[in-house]
Amino acid sequence: MPPWLLAALPWAIVPLVIWWRARPGTSLDAYAPSAPASPDLVSIIVPARDEARNIERCLRSLMATTWPRVEIFVVDDHSSDGTGGIARRVAGGDPRVTIMDAPPLPDGWFGKQWACHSAMQRARGSVLLFTDADTAHGPELLGRAMRALADRPADLISVMGRQELGTFWERLLMPQVFVVIISRYGGLEQMSRSTDPYEKIANGQFFLVRRNAYDRAGGHETVRDHVAEDLRIAQEVCRAGGAVHFLDGRGYLATRMYDGLGELIRGWEKNVYAGGRDTMRLGRTGQALLRVLYPAPALWNVVPAVLGAAALLGVLPAAVGSWALACYLASAVFWVTQYREAEVSPAYALLHPLAGSVMAVLFARAAWRGDRVTWKGRTYRSVSAREKSA
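The model shown is predicted, which means the values in this text are computed figures rather than measured ones. (Residues numbered from 1 in each chain as written. Predicted model: local features only at pLDDT ≥ 70, side-chain atom pairs only at ≥ 80, totals over all residues. Heavy atoms only, no water.)

Concerning the nonpolar core
At step 1: By size, the foremost hydrophobic cluster in this structure holds 38 residues, and its most contacted members are Val42, Ile44, Leu59, Ile72, Val74, Leu142 and Leu208.
At step 2: The element that contributes the greatest number of residues to this core is helix H6 (residues 141-151), accounting for 6 residues.
At step 3: The residues contacting Leu208, other than those within four sequence positions of it, are Val42, Val127, Leu128, Leu129, Leu142, Ala145, Met146, Leu149, Asp155, Leu156 and Ile157. (Core = buried A, V, L, I, M, F, W, Y, C linked by side-chain atoms within 4.5 Å. Buried < 20%, exposed > 50% of the residue type's maximum accessible area, 1.4 Å probe, protein only. Helix = DSSP H or I, 4+ residues; strand = E, 2+ residues; numbered from the N terminus. Contact = heavy atoms within 4.5 Å.)

Concerning helix H12 (residues 261-271)
At step 1: Burial in H12 covers these residues: Leu264, Ile265, Gly267, Trp268, Glu269, Lys270 and Asn271.
At step 2: Buried residues along H12 sit against helix H7 (168-185), helix H16 (352-369) and strand E11 (372-375).

Side note on the side chain of Glu51
At step 1: Position of Glu51 relative to the elements: it lies in the loop between strand E1 (42-48) and helix H3 (55-63).
At step 2: In this structure Glu51 touches Asp81, Thr83, Ala133 and Lys376, once residues within four positions along its chain are discounted.

What to know about the sheet that holds strand E5 (residues 135-137)
At step 1: Taken in spatial order, the 3 strands of this open sheet run E5-E10-E7, and their pairing is mixed. Strands with a single pairing partner mark the edges of an open sheet, and in this sheet they are E5 and strand E7 (162-163).
At step 2: Judged from the 3 bridges that link them, E5 and strand E10 (residues 253-255) form a sheet pairing that is antiparallel. Directly across from Ala136, in E10, lies its bridge partner Ala254.
At step 3: Across the sheet, H3 lies against E5 and E10, angled at about 20° from E5, the strand it touches most. (Pairing = 2+ DSSP bridges. Axes fitted to C-alpha atoms, helices over the stretch in contact; angles between N-to-C directions.)

Quick word on the environment of Leu208
At step 1: By the element assignment, Leu208 lies in strand E8 (residues 206-210).
At step 2: Owing to a relative accessible area of 0%, Leu208 belongs among the buried residues under this scheme.
At step 3: Remark: the alpha-carbon pair of Leu208 and Lys112, spanning 96 residues in sequence, is separated by 17 Å.

A few points about the packing of H7 against helix H15 (residues 318-341)
At step 1: For the pair H7 and H15, the least separation of the axes is 10 Å and the interaxial angle reads 100°. One element, H7, and the other, H15, form an angle in the roughly perpendicular class. Residues Arg171, Leu172, Pro175, Gln176 and Val179 of H7 form the contact with H15, whose own contacting residues are Phe334, Trp335, Gln338 and Tyr339.
At step 2: A class-by-class count of the residues in the contact of H7 with H15 yields 6 nonpolar, 2 polar and 1 charged. (Parallel < 35°, antiparallel > 145°, perpendicular 65-115°, else oblique. Nonpolar A, V, L, I, M, F, W, Y, C, P; charged D, E, K, R; others polar.)

Concerning the pattern of salt bridges
At step 1: Summed over the entire model, instances satisfying the criterion amount to 25 salt bridges.
At step 2: Between Arg53 and Asp259 there is a salt bridge; the shortest N-O distance is 3.8 Å. With Arg53 in the loop between E1 and H3 and Asp259 in the loop between E10 and H12, this pair connects stretches of sequence that are 206 residues apart.
At step 3: Using a relative accessible area of 51% as the deciding quantity, one classes Arg53 as exposed.
At step 4: A relative accessible area of 36% means that Asp259 is categorised as partly exposed.
At step 5: For Asp101, the salt bridge goes to Arg88, with nearest N and O atoms at 3.5 Å. With a gap of 13 residues between them, Asp101 in strand E3 (residues 97-101) and Arg88 in helix H4 (residues 83-91) connect regions that are remote in the sequence.
At step 6: Its relative accessible area of 40% is what places Arg88 among the partly exposed residues.
At step 7: Through salt bridges that share partners, Arg53, Glu170, Arg256, Asp259 and Glu263 make up one connected network. (Salt bridge = Lys/Arg side-chain N within 4 Å of Asp/Glu carboxyl O.)

Side note on the pairing of strand E2 (residues 70-76)
At step 1: In terms of residue burial, E2 counts as a mostly covered element, since 7 of its 7 residues are buried.
At step 2: What you see with E2 is no split at all: Val70, Ile72, Val74 and Asp76 on one side and Glu71, Phe73 and Val75 on the other are buried throughout.
At step 3: The pairing of E1 with E2 spans 7 bridges and is classified as parallel. If you follow Ala48 over to E2, its bridge partner there is Asp76.
At step 4: As a crossover connection, the stretch from E2 through H4 into E3 is right-handed. (Right-handed = clockwise from strand over helix to strand, strands pointing away.)

Comments concerning the packing of H3 against H4
At step 1: Viewed as axis vectors pointing N to C, H3 and H4 meet at an angle of 30°, and their least axial separation amounts to 9 Å. In this structure, the crossing between H3 and H4 has a hand that is right-handed. Counting all contacts with H3, which are made through Ile55, Glu56, Leu59, Arg60 and Met63, the residues of H4 involved are Thr83, Ile86, Ala87, Arg89, Val90 and Ala91.
At step 2: Considered class by class, the residues forming the contact of H3 with H4 number 7 nonpolar, 1 polar and 3 charged. (Left-handed = near helix turned anticlockwise from the far one by under 90°.)

What about the packing of aromatic side chains?
At step 1: If you walk through the whole model with that rule in mind, you get 16 aromatic pairs.
At step 2: Here Phe168 and Tyr348 contribute two aromatic rings whose centre-to-centre distance is 5.6 Å and whose plane-to-plane angle is 35°, an arrangement assigned as tilted. Remark: Tyr348 occurs in the loop between H15 and H16 and Phe168 occurs in helix H7; sequence separation between them is 180 residues.
At step 3: Note on Phe168: relative accessible area 31%, which makes it partly exposed. (Phe/Tyr/Trp six-rings, centres within 6.5 Å; stacked < 30°, edge-to-face > 60°.)

Notes on the pairing of E8
At step 1: Along E8, 4 of the 5 residues are buried, which leaves the element largely enclosed by surrounding structure.
At step 2: Pairing analysis gives 3 bridges linking strand E6 (residues 156-160) to E8, with the strands arranged antiparallel. By the bridge assignment, Ile157 is partnered in E8 with Leu208.

Side note on unusual backbone geometry
At step 1: Residue Pro153 is bonded to the preceding Arg152 through a cis peptide linkage, with omega at -20°.
At step 2: Tracing the sequence through the fold places Pro153 in the loop between H6 and E6.
At step 3: For Asp50, which is not glycine, the phi dihedral falls at a positive 55°.
At step 4: Secondary-structure assignment places Asp50 in the loop between E1 and H3.

This is how it looks when you write it as structure tokens:
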């Protein structure tokens, strides 16, 4: 085997390992949507800040649920775009729906956590559903998730939904972000089976939790100052002895997280480092090294392209060009499978070095910002779990 081909083997082996770890998980299709004779009351809480673009679709989809007992709280978090007014119009006097204004934000709280905590003071349900305002729920989603909560059994069920990707940059970059997450956690069943809090994650677009498990974990108050509240609540529920499961709900939940490159960069920039550092057991030295090395994995897609271009220009030997081409082709085959999984044209796989370059910049910016988070006109400091327990 030529040395350059041997050197290219990691670009074939690593994707195979990721692909194997990301084996398909259990789908909500496996759970019937029918409710028992005495169904639990589910309190649905939707924090919303400047969500005029999304709130109508979200609320209408929640009101269309087939689950017979729900109360819905939309918490208008001091929006400046008329979100609360739109929600009130859509609710139209439905007795299940309450539109409330979040109280003034106290020091030490993120706005989303404070909105959820404020609604919790009025919620009566034995089961709680926290969901984002940019989601659309199928009528059977809640019923199937409730059946899964009972049958598995679990204390917290989170759902992976379908991502709606409307622009070139969303289609190019969002699958890359989710592969990073899969690389860290593996498939949904692997996450569900683990009893290690550091192997737990939840999707804030939909997490359904028993009220008693939520209270044992300390609720949103425990994670009031952490940017990735869904991740941290899943960890705390697990740490308190609860079972946290993750299911595939792509046929029942859809989300348009970001509209265009600017929103995408700002959205992931606030999460990937300040939240991601709590996905690993790291001491002070490890945290410092992580901040420096954070952009490195994204360069995996970039380095062969850069060195290959240099070889084409005659700056580097032809063998380097052969190595770079082998690495590129191996990576492209893997990315074809991932873009297809995201319901995106596999042609985007040919641009994976461009995606890697943008991802490296995103990760570097996030690491440079550290625990400083800016989102929707507010600036916070995200306190890591390690710092909090010190």
